[in-house]
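Notes for the structure review
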Amino acid sequence: MEKKIKNIVDCIEPVVYEQIWDTIHWQIHDSPDVENLNDKELGQFEIKIYNLLLKELNKQKLAR
């Protein structure tokens, strides 16, 4: 049963992470906070959001 669960997680995980990236991108895309950032700065900003989000998700996971 554990192997089956791991296989399901392995299939879902890349999709979830891709969805997170897409959501971050589109949430900040039209924000005035990022309109003056160049591509490199925008990428760094997205990475910071992504890392903070993962940190929060891990906290919630550990709290269960």
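Reference entry: report on the structure contained in this document. All values derive from a computational prediction rather than experimental measurement.

**Details of the packing of aromatic side chains**
Scanning all chains against the criterion turns up two aromatic pairs. Centroid distance W21 to Y50: 4.3 Å. Interplanar angle 15°. Geometry classified as stacked. Of this pair, W21 sits in helix α1 (residues 2–28) while Y50 sits in helix α2 (residues 39–63), placing them 29 residues apart in sequence. Using a relative accessible area of 12% as the deciding quantity, one classes Y50 as buried. Among the aromatic residues, those joined into a cluster by ring pairs are Y17, W21 and Y50.

**Brief notes about the packing of α1 against α2**
In the contact formed by α1 and α2, the axes pass within 10 Å of each other and the chain directions differ by 125°. Taken together, the axis directions place α1 and α2 in an arrangement best described as oblique. The chirality of how α1 crosses α2 is right-handed. Residues Y17, I20, W21, I24, H25 and I28 of α1 form the contact with α2, whose participating residues are L42, F45, E46, I47, I49, Y50, L53, L54 and L57. Tallied by class, the residues present in the contact of α1 with α2 amount to 13 nonpolar, one polar and one charged.

**Examining the side chain of E46**
Among the secondary structure elements, E46 is positioned in helix α2. Salt bridges are absent for the buried E46, whose nearest opposite-charge side chain, K48, sits at 13 Å. Here the side chain of E46 touches H25 through a polar contact of 3.1 Å, side chain to side chain. Discounting residues that sit within four places of it in the chain, E46 has contacts with W21, I24, H25 and I28.

**A word on a nonpolar patch on the surface**
Nonpolar side chains collect at one region of the surface, where M1, I5 and V9 lie side by side and expose about 320 Å² of accessible area between them. Here V9 shows up in helix α1. V9 sits in the partly exposed class, given a relative accessible area of 43%.

Calculation criteria
- Residues numbered from 1 in each chain as written.
- Predicted model: local features only at pLDDT ≥ 70, side-chain atom pairs only at ≥ 80, totals over all residues.
- Heavy atoms only, no water.
- Phe/Tyr/Trp six-rings, centres within 6.5 Å; stacked < 30°, edge-to-face > 60°.
- Helix = DSSP H or I, 4+ residues; strand = E, 2+ residues; numbered from the N terminus.
- Buried < 20%, exposed > 50% of the residue type's maximum accessible area, 1.4 Å probe, protein only.
- Axes fitted to C-alpha atoms, helices over the stretch in contact; angles between N-to-C directions.
- Parallel < 35°, antiparallel > 145°, perpendicular 65-115°, else oblique.
- Left-handed = near helix turned anticlockwise from the far one by under 90°.
- Contact = heavy atoms within 4.5 Å.
- Nonpolar A, V, L, I, M, F, W, Y, C, P; charged D, E, K, R; others polar.
- Lys, Arg positive; Asp, Glu negative; His and termini not counted.
- Salt bridge = Lys/Arg side-chain N within 4 Å of Asp/Glu carboxyl O.
- Polar contact = N/O pair within 3.5 Å; in protein donor to acceptor, adjacent residues only side chain to side chain.
- Patch = residues over 30% accessible without salt bridge, like charges linked within 9 Å, V, L, I, M, F, W, Y side chains within 5 Å.
- Areas by Shrake-Rupley, 256 points an atom, 1.4 Å probe, with all protein chains shown as cover.

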